[in-house]
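Take a look at the letters that make up each chain.
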Amino acid sequence: MTWFTKWALRNKAALAFAVIASMIFGIFSYTTIPMELMPSADQPYVTISTVGNGMDAVSMDEQVTQPIEKALNGVRGKQSVVAQTGNNFSQLTVTFESKIDVKEAKQQIEERVSMVHLPNGVMKPYVINLNTSEIPIVELGLTFDKEIGNNELNIVENEIMPMFKDLKGVGNVITNGGRNQQVMIKVDPAKLAAANFPLEKLYTLLQGKTASVAVGEQTMNNEATSIIVTGKLETLDELKNIQLNSKTKLQDVAGITLQEDTESIIHLNGMSFIDVVIQKDSTSNAVTLGKQVEVAVKKINKDYKGTLQATIVMNLGDTVLDSINSMTREVLTGALFATLIIWLFLRSFRMTLITIISIPLSLCMTMILLSFFGVTLNILTLGGIAVSVGRLVDDSIVVVENIYRRKQNNELTPAFLIESVKEVGSAITSSTLTTVAVFLPMLIVSGGLRDLVAPFAITITCSLLSSLLVSLTVVPALSARMMKKVKMKEHKAKSFYPSLLKWSLNHKWLPITIAILVVVGSVGLFLTMPKGSVDQQDSAYIAIGLRYDNGTPFSEIKDGVAKMEGILSEKDGVKTHITVAGVNEDAAQYGNLQEANVVRFMIFTKEGTDSAKFVKDIRKTKDQFPNAELTAETAGLLGSNTTTVSIDVIGKNDDDIKKAADMVKKDISSINGVEKVESNDQNTKPTISIQVDSKLSNAQEVAQSIYAMIKPAVIGNIKIDGRTTAVQLGALKEIQTVDDLKNLQLMTPDGPVSISSIAKVEESNELGTIFTKDGHHYLQVTAQVNPDKMVDVTGKIQQQLLTWSKDETFAKGTSAELTGSSMQSSDQLGELAKLSMLSIGIVFMILLVTLKSFRASIAILITLPLAAIGSLLGLVITNSSINISSGIGMLMLVGIVVTNAIVLVDRIRHNEETMTIREAIMEAGIVRLRPILMTALATVFAMVPLLVTHESAMSLNLVSKGLAVVVIFGLIISTLLTLIIIPTFYELFHFRKAKKQRLQANQITGTLVQ
């Protein structure tokens, strides 16, 4: 590696230019790299959402869900298909294996679903795959001074939306709410009969008024010409004045009004509004786009004052900027701490400056490389910089310290500098490569975890390789100029460490015993420690839910909405709140459908509000909602801040499934760490079954007649205020009771007859919501779990599942399996465990290549269990669990802790050329003590800001306190033990040679004495 040093010393002008250019382009890259919260990562599932107006759950299941499920058969890489079907909606979730390209799978699903024939009135399904890059940058609400009608919708579509779509960097703009008004024609049967105008003729007349019929082609003027007959109605008055006969107009026999949607609610602060979601494109900057939207909102509020008000509900650009600024502060604070440590050891401003130049220069080079690789600036890439900032000075510390130590009375000639770098070049190169080798395998982790950790690994790799290059080029060049006037300070001879090291080498049983106890203790501690998931403790918003019984009238749900909105309006800490109730077609484009009996509230609080107290206060209001189940939780970017374990109970018989689900709920509720257990066993919905006597009538005709009389029917469209507006013919009969339905008169060829005379009408309770998995009915039992005990609880449930299966506890054909986030946490920890083993193997291979000694490489690897005990003790002291964050920290330790051992062992091997093993060990320990302590403490103190940082509610917290605890405690303990145990084992591995050298030394000493 001295080639780089030789080039730098011979081409100082070129080196100076390269440094200046790197700083300039690095700063430029930092300002131009797209900023976002998280790297782009596809979720491993696809949702298929469908809305069917007026269809009950059973009909939706038979006519929509099941055909789509059959169409999905044969989709490559499909793990499972879970479906939830309710009144008016169907939503399927297709989960894929980690190795599958979800984008290709989505395209395949779209092709298959498009071929499914769906009933009339069922909207085209939305096929959605969520990607973290599609997280809305800004969500805002448009409220009006009056009810949202066609004029208001025209303003939004034709004037407001273009303003947002024209902003630079906008990828997509989605609106939700403010659905078109509908024209409702409410016929008075008595007046229609008095006008002597049959209902069937009215249907035909109204449908024909808005018809568009192609007559065909006719040769005219020697050209084939199409003939099309169309009918158009442009205004409500035109519809009212349609002549039924010479004396009667439509308005004479019917009430004609414009109506709002009465089956769903979407409110902002209690008012109907249009929700606008703005997504960025793949190359734009979230922060810049967020600011542009803020400017556009101010302009809208100024230009449309008195007409509409635009309110920003969430600006992720601000969150991204806050997160990046916070992480940047942590990087700078860590760099400051590292600088202070170096200055305390070197006690020279010039030498400290030479050393720390590697931090800003390496960071600038890293920014250039990230820009080249297309990696965005996000919470994880900045986290990678934060955890590696202390490590950036390690190589420079070793080089500077070695030059300083060898300087004595030597002149700082190029040859001397090259020789000084050469002496440690192999050590710093191998130590850096081992650290890089630990992180590069992250690129082969499977699934969504790879998309998240790959940018983290790339960032650390780029920064470490940059720091190595700086230590081999810039540091020697600066030393040649700045170290000339540095006076050698007399350091007091350290007596404690040499004495301790010598004693340990003479009493190897103690270090060896300590090492064995450390290994056994590490294994035991690991097995007994809680293993959980990353706990997102902060709150981005508060999620409140109201769940009513199936079949609850929408008017009662509206009353509950009004009551909760009244409660929220009186709360001091509320900034804005959004309400969503009922089945909303617009929500299908997000893959976010909900049941008609569910109401969701999203509450964004003012800064400083105690979210936990707010949630407790809301829960106390449950008595005000006696007919609904109230839930309230803090929530982050990915939803509610609850850690759950899910068990799916699958079977062929609904009663058997219900019994098994009840048994699962009872058994797992007693497991330590389980806080709450519930299931999706929804209450049933009242259903009326009409069994037509096939001898007396046709079931299809009866159904059509009943539907036409009791349900509004869409008969066409007209243009109102420039918008296509649906026209519905209202119900002819109001049905309030079962007797009303039985007495309903239907027209037959033999005259009017009541339904009860041709059919059997029965009341029953049917499923209000149908759950299926891979075509079979199922129920899902969900346990809310203490995050620190996630993996432990999962393990106990898995044992219980095996017991149930072995004892045949459930009915035949009924089974239970673990699914959801619990499996994901276990799988991710398993992935990291396999990754650690691979990394250790790569590190060992690098050591064998660089040191060319099997025994020396093994001696270095002994540092790993020493680090393990330190990190595990740190987790115990800080009351933390083993999770993904701490797992990444342990992986990082593999690369960091071997660095000190490499520097020490490399010096020992270098000394062995002229010294005995014992002398080589003693000299190496004394010489390398200071750089080892400097590098270790620099890394430790650079991590301290991460230890005390405030974890954002909008991040995944993969780079957080758990990682910092593992690295800090692991590095401290391993460094202290490394200085004693590694030399001991090194001499032990060369026992015969060392013993022979001691005997020879004793013989020589005896001869001299004689």
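Just so you know, these numbers come straight off a predicted model, no measurement behind them. (Residues numbered from 1 in each chain as written. Predicted model: local features only at pLDDT ≥ 70, side-chain atom pairs only at ≥ 80, totals over all residues. Heavy atoms only, no water.)

### Structural notes on the overall build of the chain
Then, in step 1: When you go through the chain residue by residue, the secondary structure sums to 33 helices and 29 strands.
Then, in step 2: Considering the chain as a whole, with its 1010 residues, one finds that 52% of them fall into the buried category.
Then, in step 3: Accessible area of the chain: about 46,700 Å², with a carbon and sulfur share of 55%. (Helix = DSSP H or I, 4+ residues; strand = E, 2+ residues; numbered from the N terminus. Buried < 20%, exposed > 50% of the residue type's maximum accessible area, 1.4 Å probe, protein only. Areas by Shrake-Rupley, 256 points an atom, 1.4 Å probe, with all protein chains shown as cover.)

### Some details on helix H22 (residues 654-668)
Then, in step 1: With 15 residues, H22 extends 21 Å from end C-alpha to end C-alpha; this agrees with the ideal 21 Å at 1.5 Å per step.
Then, in step 2: Where H22 begins, the capping side chain belongs to Asn653, and its oxygen is found 2.8 Å from the backbone nitrogen of Asp655. (Expected span 1.5 Å × (residues − 1). Polar contact = N/O pair within 3.5 Å; in protein donor to acceptor, adjacent residues only side chain to side chain.)

### Remarks on the packing of aromatic side chains
Then, in step 1: Taken as a whole and assessed by the stated rule, the structure comprises 7 aromatic pairs.
Then, in step 2: Geometrically, the ring pair formed by Phe372 and Phe373 is edge-to-face, given 5.4 Å between the ring centres and 75 degrees between the ring planes.
Then, in step 3: The cationic tip of Lys563 hangs over the ring face of Phe625; the distance from NZ or CZ to the ring centre is 5.8 Å.
Then, in step 4: Directly above the aromatic system of Phe614 lies the positively charged group of Lys571, at a separation of 5.7 Å from the ring centroid. (Phe/Tyr/Trp six-rings, centres within 6.5 Å; stacked < 30°, edge-to-face > 60°. Lys NZ or Arg CZ within 6 Å of the ring centre and 35° of its normal.)

### Considerations on the nonpolar core
Then, in step 1: Counting residues in each nonpolar core, the largest one holds 165 residues, and the members touching the most others are Leu142, Phe164 and Ile278.
Then, in step 2: Here this core gets 15 residues from one element, more than from any other, and that element is helix H30 (residues 884-911).
Then, in step 3: Excluding its chain neighbours within four sequence positions, the residues that come into contact with Ile278 are Pro136, Ile137, Val138, Leu140, Phe164, Val170, Asn172, Val173, Leu289 and Val293.
Then, in step 4: Formed by 24 residues, the second largest nonpolar core is a distinct cluster that contains Ile185, Leu250, Ala254 and Val727. (Core = buried A, V, L, I, M, F, W, Y, C linked by side-chain atoms within 4.5 Å. Contact = heavy atoms within 4.5 Å.)

### Notes on the packing of helix H1 (residues 2-10) against helix H2 (residues 12-32)
Then, in step 1: At their nearest, the axes of H1 and H2 sit 5 Å apart, and the two run at 100 degrees to each other. Taken together, the axes of H1 and H2 are roughly perpendicular relative to one another. Where H1 abuts H2, its residues Trp7, Ala8, Leu9 and Arg10 lie against Lys12, Ala14 and Leu15.
Then, in step 2: Here the residues of the contact of H1 with H2 are counted per class, giving 5 nonpolar, no polar and 2 charged. (Axes fitted to C-alpha atoms, helices over the stretch in contact; angles between N-to-C directions. Parallel < 35°, antiparallel > 145°, perpendicular 65-115°, else oblique. Nonpolar A, V, L, I, M, F, W, Y, C, P; charged D, E, K, R; others polar.)

### Notes on the side chain of Ser471
Then, in step 1: For Ser471, the location among the structural elements is in helix H17 (residues 448-482).
Then, in step 2: On the basis of relative accessible area, Ser471 is assigned to the buried category, the value being 0%.
Then, in step 3: With sequence-adjacent residues up to four places away left out, Ser471 is seen in contact with Asp395, Ser396, Val399, Ile428 and Pro476.

### Here we look at helix H13 (residues 358-373)
Then, in step 1: In a regular helix each residue adds 1.5 Å, so 16 residues correspond to 22 Å; H13 covers 22 Å between its end C-alpha atoms and thus fits that length.
Then, in step 2: Residues of H13 that are buried include every one of Ser358, Ile359, Leu361, Ser362, Leu363, Cys364, Met365, Thr366, Met367 and Leu370, and no others.
Then, in step 3: Backbone geometry just downstream of H13 places Gly374 in the positive-phi region, at approximately 75 degrees.

### Quick look at the packing of H30 against helix H32 (residues 961-989)
Then, in step 1: Where H30 contacts H32, the two axes come as close as 9 Å, and the packing angle between them is 25 degrees. With respect to each other, H30 and H32 are oriented roughly parallel. In this structure, the crossing between H30 and H32 has a hand that is right-handed.
Then, in step 2: Here the residues of the contact of H30 with H32 sort into 17 nonpolar, 9 polar and 1 charged. (Left-handed = near helix turned anticlockwise from the far one by under 90°.)

### Some points on empty space enclosed by the protein
Then, in step 1: Considering all chains together, one arrives at 2 cavities of 30 Å³ or more under this definition.
Then, in step 2: The calculated volume of the largest cavity comes to roughly 80 Å³.
Then, in step 3: Along the walls of the largest cavity sit 10 residues, with Glu36, Leu37, Thr132, Ile135 and Ile137 positioned nearest its centre.
Then, in step 4: Grouping the amino acids of the lining of the largest cavity by side-chain chemistry returns 6 nonpolar, 2 polar and 2 charged. (1 Å grid on protein atoms, 1.4 Å probe; cavity = no way out; pocket = protein on both sides within 12 Å on 5 of 7 lines; lining within 4 Å. Points joined across faces, edges and corners; volume = space filled by probe spheres on them.)

### Here we look at unusual backbone geometry
Then, in step 1: Non-glycine residue Asn196 carries a positive phi angle of around 55 degrees.
Then, in step 2: Along the chain, Asn196 turns up in the loop between helix H6 (189-194) and helix H7 (199-209).
Then, in step 3: In the Ramachandran plot, Asn269 falls in the positive-phi region, its phi being about 55 degrees despite a non-glycine side chain.
Then, in step 4: Here Asn269 shows up in the loop between strand E11 (264-268) and strand E12 (271-280).

### Regarding the pattern of salt bridges
Then, in step 1: Across all of its chains, the model carries 16 salt bridges by this definition.
Then, in step 2: A salt bridge links Asp662 to Lys658; the nearest nitrogen and oxygen atoms lie 3.0 Å apart. A residue pair is termed a helical-turn pair when its members lie 3 or 4 positions apart in one helix, as Asp662 and Lys658 do in helix H22 at 4 residues.
Then, in step 3: For Lys658, a relative accessible area of 31% gives the class partly exposed. (Salt bridge = Lys/Arg side-chain N within 4 Å of Asp/Glu carboxyl O.)

### Some words on the confidence of the model for the chain
Then, in step 1: Looking at the chain as a whole, the pLDDT averages 80, with 86% of positions reaching at least 70.
Then, in step 2: Per-element confidence in the chain is highest for H2, whose mean pLDDT is 91, and lowest for strand E18 (residues 639-640), whose mean pLDDT is 61.
Then, in step 3: Low pLDDT (under 50) marks residues 952-956, which in the prediction has 21 contacts with non-local residues, meaning those over four places away or in another chain. (pLDDT = per-residue confidence, 0-100.)

### Some thoughts on a nonpolar patch on the surface
Then, in step 1: On the surface, Ile20, Ile24, Phe25 and Phe28 cluster together into a nonpolar patch covering about 440 Å² of accessible area.
Then, in step 2: The class of Ile24 is exposed, set by a relative accessible area of 52%. (Patch = residues over 30% accessible without salt bridge, like charges linked within 9 Å, V, L, I, M, F, W, Y side chains within 5 Å.)

### A look at the environment of Cys462
Then, in step 1: Following the sequence through the fold, Cys462 ends up in helix H17.
Then, in step 2: According to the relative accessible area criterion, Cys462 is buried, its value standing at 6%.
Then, in step 3: C-alpha of Cys462 to C-alpha of Leu363: the two residues are 99 residues apart in sequence and 8.9 Å apart in space.
Then, in step 4: Ignoring any residue separated from it by four or fewer positions in sequence, one finds Cys462 in contact with Thr366, Leu369 and Phe373.

### Looking at the side chain of Asn597
Then, in step 1: Summarising the element assignment, Asn597 is placed in the loop between strand E15 (574-582) and strand E16 (598-605).
Then, in step 2: For Asn597, a relative accessible area of 6% corresponds to the buried category.
Then, in step 3: At 2.5 Å, the side chain of Asn597 and the backbone oxygen of Tyr548 are in polar contact.
Then, in step 4: Excluding residues within four positions of it along the chain, Asn597 makes contact with Leu546, Arg547, Tyr548, Asp549, Asn550 and Ile557.

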